[in-house]
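Each chain, letter by letter, is given below.
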Amino acid sequence: MRTDTPPTIYRKDYADPTYLVDTVEMGFDLEPSLTRVATRIFMQRNPAGSNNEIVLFGEELELVQLRLNGKVLRAADYKLAGGVLRIPGAPAKVVLEIETTTRPDRNTSLMGLYVSNGNFFTQCEAEGFRKITFFPDRPDVMAKYTVMLRADKKAFPVLLSNGNLIEEGDLPDGRHYAKWEDPFKKPSYLFALVAGNLVCQEEKYRLKSGREVLLQVWVEDGNLDKTQHAMDSLINSIRWDEERFGLELDLDRFMIVAVGDFNMGAMENKGLNIFNTKFVLANPRIATDIDFANIEAVVGHEYFHNWTGNRVTCRDWFQLSLKEGLTVFRDQEFSADMIGTDSGRAVKRIDDVRVLRQAQFPEDAGPMAHPVRPDSFVEINNFYTVTVYEKGAEVVRMYQTLLGRDGFRKGMDLYFERHDGQAVTCDDFRAAMADAGKRDLKQFERWYSQSGTPRVAAGVHYDAKSRTLELTLEQSCPATPGQKKKQPFHIPVAVGLLDSKGRDMPLRLDGEKSAAGDTTRVLELTKARQTFRFTDVAEKPVPSILRGFSAPVVLQYEYSDAELAFLMAHDSDAFNRWEAGQRLATRRLLKLTTAVQAARQSGHVVSFETVLGNQDQDSALSDALRITLRDETLDAAFRELVLTLPSETMIAEQMEVIDPHAIHIARQFMRRTLARDLRDDLLAAYKACGTPGEYSPDADASGKRALKNVALSYLVELDEEEVLTLAQKQNDEANNMTDRLAALGALTNSSAAGKAAALEGFYSEFEKEALVIDKWFTLQATARNADVNTVRTLATHPAFSLKNPNRARSLIFSFCNGNPSAFHALDGNGYAFWAEQVIALNGSNPQVAARLARSLDRWRKYTPALQEKMRHALQQVAASSNLSRDVAEVITKSLSN
Ligand code: TRP
Ligand code: ZN
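What this report covers is the structure whose coordinates are included nearby.

Rules used in this analysis
- Counting from 1, residues in each chain are numbered in the order their sequence is written.
- Written order decides the labels, with chains lettered from A and ligands numbered from 1.
- For a predicted model such as this one, the threshold for reporting local features is a pLDDT of at least 70, and the threshold for listing and counting side-chain atom pairs is 80 or more; totals across whole chains, interfaces and linings nevertheless cover every residue.
- Only hydrogens and water are set aside when side-chain values are computed; all heavy atoms of the structure are taken into account.
- Any two strands between which DSSP finds at least two bridges are classified as paired.
- Each helix corresponds to a stretch of at least 4 residues labelled H or I by DSSP, and each strand to a stretch of at least 2 residues labelled E; elements are numbered beginning at the N terminus.
- As a rule, the C-alpha atoms of each element are fitted with a line to give its axis, helices using only the stretch in contact, and angles between N-to-C directions run from 0 to 180 degrees.
- Take a side-chain nitrogen of Lys or Arg and a carboxyl oxygen of Asp or Glu: if they are within 4 Å of each other, that pair is a salt bridge.
- Throughout this description, buried means an accessible area under 20% of the type-specific maximum (1.4 Å probe, protein chains only), exposed means over 50%, and partly exposed covers the range between.
- In this analysis, two residues are considered to be in contact whenever any of their non-hydrogen atoms come within 4.5 Å of each other.
- Ligating atoms shown are N, O and S within 2.8 Å of the metal, or 3.2 Å for Na, K and Ca, and water is not included, meaning a site may look less than complete.
- Planes of paired rings set the category: under 30 degrees apart is stacked, over 60 is edge-to-face and the rest tilted, where pairs are Phe, Tyr or Trp rings (Trp by its six-membered ring) whose centres lie within 6.5 Å.
- Only Lys NZ and Arg CZ are tested; either one counts as a charge over a ring when it is within 6 Å of the ring centre and within 35 degrees of the ring normal.
- Orientation labels follow simple angle bins: below 35 degrees gives roughly parallel, above 145 gives roughly antiparallel, 65 to 115 gives roughly perpendicular, and whatever is left gives oblique.
- Take the far helix as the reference: if the near one is turned anticlockwise from it by less than a right angle, the crossing is left-handed, and if turned clockwise, right-handed.
- In this count, Pro and Cys sit with the nonpolar residues alongside Ala, Val, Leu, Ile, Met, Phe, Trp and Tyr, while Asp, Glu, Lys and Arg are called charged and the others, Gly among them, polar.

## Quick look at the sheet that holds strand E13 (residues 158-161)
Part 1 of the argument: Reading across from one edge, E10-E11-E16-E13 is the order of the 4 strands in this open sheet, with antiparallel pairing throughout. Looking along the sheet, the strands with just one partner apiece sit at the ends: strand E10 (112-116) and E13. On average, each strand axis in the sheet is tilted by 15° relative to the strand beside it, whichever way the strands run.
Part 2 of the argument: Pairing geometry for E10 and strand E11 (residues 119-123), over 5 bridges, is antiparallel. Bridge pairing links glycine 112 to glutamine 123 in E11.

## Side note on the pattern of salt bridges
Part 1 of the argument: Across all of its chains, the model carries 84 salt bridges by this definition.
Part 2 of the argument: Across the pair glutamate 445 and arginine 430 runs a salt bridge whose closest N-O atoms are separated by 3.8 Å. With glutamate 445 in the loop between helix H6 (426-437) and helix H7 (446-449) and arginine 430 in helix H6, this pair connects stretches of sequence that are 15 residues apart.
Part 3 of the argument: For glutamate 445, a relative accessible area of 23% puts it in the partly exposed group.
Part 4 of the argument: By sharing partners, the salt bridges in this structure join Arg244, Glu333, Asp337, Arg345, Arg397 and Arg405 into a single network.

## A few points about the sheet that holds strand E20 (residues 266-267)
Part 1 of the argument: Strand order in the open sheet made by the 5 strands is E17-E18-E19-E21-E20, with mixed pairing throughout. One side of each edge strand has no neighbouring strand; the edge strands of this open sheet are strand E17 (198-206) and E20.
Part 2 of the argument: In terms of strand pairing, strand E18 (residues 212-220) meets strand E19 (residues 253-259) through 5 bridges, oriented parallel. Among the inter-strand pairings, glutamine 216 is bridged to a residue of E19, identified as methionine 255.
Part 3 of the argument: Docked against the sheet, helix H1 (residues 228-245) engages E17, E18 and E19, running at close to 30° with respect to E17.

## Remarks on the coordination of the zinc ion (ligand 2)
Ideal geometry at a metal centre gives angles of 109.5 degrees when four donors are arranged tetrahedrally and 90 or 180 degrees when six donors are arranged octahedrally.
Part 1 of the argument: Bound to the zinc ion (ligand 2) on the protein side are His301 (NE2), His305 (NE2), Glu324 (OE) and Glu324 (OE), at distances that span 1.9 to 2.7 Å.
Part 2 of the argument: Read in sequence order, the donor residues for the zinc ion (ligand 2) give the motif H-x3-H-x18-E. One end of the pair, histidine 305, is in the loop between helix H2 (289-304) and strand E22 (313-314); the other, glutamate 324, is in helix H3 (residues 320-339), with 19 residues separating them in the sequence.

## Observations regarding the packing of aromatic side chains
Part 1 of the argument: The full count for this structure, using the stated rule, is 37 aromatic pairs.
Part 2 of the argument: Summarising the aromatic geometry, the rings of phenylalanine 762 and phenylalanine 766 are spaced 4.9 Å apart at their centres and angled 50° between planes, so their arrangement reads as tilted. Pair noted here: phenylalanine 762 and phenylalanine 766 are both in helix H19 (residues 755-766), with a separation of 4 residues, about one helical turn.
Part 3 of the argument: Assessed through its relative accessible area of 2%, phenylalanine 766 is described here as buried.
Part 4 of the argument: Counting every residue linked through ring pairs, the aromatic cluster contains Trp240, Phe245, Phe254, Tyr303, Phe304, Phe329, Phe334 and Phe408.
Part 5 of the argument: Note that lysine 12 overlies the ring of tyrosine 10, its terminal NZ or CZ placed 4.5 Å from the centroid.

## Details of the packing of helix H18 (residues 737-748) against helix H20 (residues 770-781)
Part 1 of the argument: For the pair H18 and H20, interaxial distance at closest approach is 11 Å and the crossing angle is 25°. Here H20 runs roughly parallel to H18, going by the angle between their axes. For the pair H18 and H20, the sense of crossing is right-handed. Contacts from Met737, Leu741, Leu744, Gly745 and Thr748 of H18 reach H20 at Val772, Lys775 and Leu779.
Part 2 of the argument: Taken together, the residues of the contact of H18 with H20 break down into 5 nonpolar, 2 polar and 1 charged.

Rendered as structure tokens:
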């Protein structure tokens, strides 16, 4: 265990910077093994600062020389310790000149300046700029940058940085240079440079204002056949932000660069977005429908950051959700608007809520739980979380739900009017919304300060005589680390009432003159318990509560199976229509899981199949699914979502004590049962949902493929020759990656004779496409018959490398997070493997290692036998030497909370 426990940083300790920077001039002499960086910083004492000490951060740098106002500083003139360089007693106006060197080709952390496949890239968010030079590397120090890049012309013909290219030319010795100037003030985390052998697709685009801008997508040679979708997505993003929010691209040139080695999805550096190849490269041969959709979302996300993040940035990293929650909300709305139809929007909403429940709810219930605006951290990289991003987006969405679309837009306008060019806080955003909407949003702050997923318990009482319906809502929130007691949240609860025919009833709240036209009402729950009275309610309704998932809470309401089936068939709110099916399925799955556990306990089980099969068969779910499957008025994409059972992780979340094996057996049993019950309808849907002709990733075609392929995945459960032949045929004939991968997955999870050959064929066909080989690894790591030995063997495959984050994720993360019953094998071998991989990654890439470390953070929720083995693995990692701050924080919190 490391002896120097890394310090915790607290939000309450925020202090203004002592010096502010006006301009920065940088010169880079780029060499992979040793790059020289000369930085000139023009700075001034900050009147709001508390003293005259200049504070600079620098890590893994060789300091060559430091000059202040032209005078070389000697060691006695400054203090350098623990990555902080302090120059006390500095004058009011300072020109600081710093010469440093770094070793990009040895930088495996992928933060700061690094080399990927021979080209240079940077990643500075959150605190990577300090690995490039000494600097007041904090987001509230904003400055204008001029950057001179010099490199060998043959090896690095392309030299890019933020802003505009103002000069380029040749130098002696086969070198050349390019000078870039960014006209906008920015925090250092938005700095970027790229140098290498790259090519681009470019397009000129005319903004609404008439100004013409140059758009470029840069990739390695040979990938220009995969950039069109990213380019289209960028153009759509630019147009959408003009239309929906009145926000214009403020640069004449906007670049996207794809890199194969990247820790996260993409980065919004000013004018020079750097992307993981996974979120740029696509064509029908290599990318699935989901990839196409993700690319659109991520291109949008990074582009939208140009206003929400870059023009208005964060005062400190505790405010991260100010830009991330808001920008995720914006990219979600963008994707929804791109589909356009109401049902398409609902499908998008369901997808987003699924992510939230699958990943964020568990985080909020575990040892790493933190508020959307955290109060403390050890390593900021560990707080790029689903809570900050996805729950943060839900919090922003609630403003829109409370204020309406127009009210929200007014709030956004006021936010930019007040804060353009500033580094601000989540409170500033909330104030803009409150002021523009003339609303008191004081209590709403608790969404930022309190962690944990609130519970809303609903109860209804209908009185036929007075024709009134009382809806009582009661909220609570479980304790989370450091927060025992919670105060009530301000929760918008969208409600509708269905009559016995399934139609929406008019809504009139007690005290209202008449029923307003809308049949969905947003109730505002602000107290621990509140009762809302609807009057003029002609008959006893079935309530549809939390329509559209109007708040990130768990709704507790005891629907009967019949009511759920009724809502599935009739609710005008598509989200709740889907939700009813999920509730019905979850209820049944939990019953089956308990039955598996009981059977196992009784000892004399021949096969679970027999035991479960003897359970009196409950056809409510099959019947409801059949109706949905046959309803051609519903989008295929929606029907696919209804047919998809809650994941094993989702079921686990519903259990007091998680038993991954019982869950797996129960869910598999249910899949087989449904496949049998719905066989003919599944086959009919499969046949009806072909997408002949040229591939298009649009919502209609991708929805059809989704439904067709979920049908196939059920059908192969039956192990019938006819179905296996279908899968084989689809594998052999597919003209796009969506169908190909689905068929390969179906074969792999079946007893088909040709499955090994199919896997091999896939590999050799796509050997040169790294992103497809990632899929090949993932498919095998999550296959039904995979165990830790499968994964260990795959890890020795020549194409495997732990150094490439995408590849590491494709195999290791997919197994640990995506194959629960195999990962949680009773012998603990999955955990031993996990510990080895965390320790190995810790040495090369702490940020990625810390993500993997999170796979065991909910260990206390599992059965005692598994808990014991998990604790052992966690302690093994804790005891290893040279733990990074990143991994140490995750492991320490996992073991202590
Ligand atoms: N700001 C980026 C985004 O969400 C996140 C990001 C990309 C990032 N790369 C990173 C954060 C590296 C930390 C470290 O769009
Ligand atoms: Zn972002």
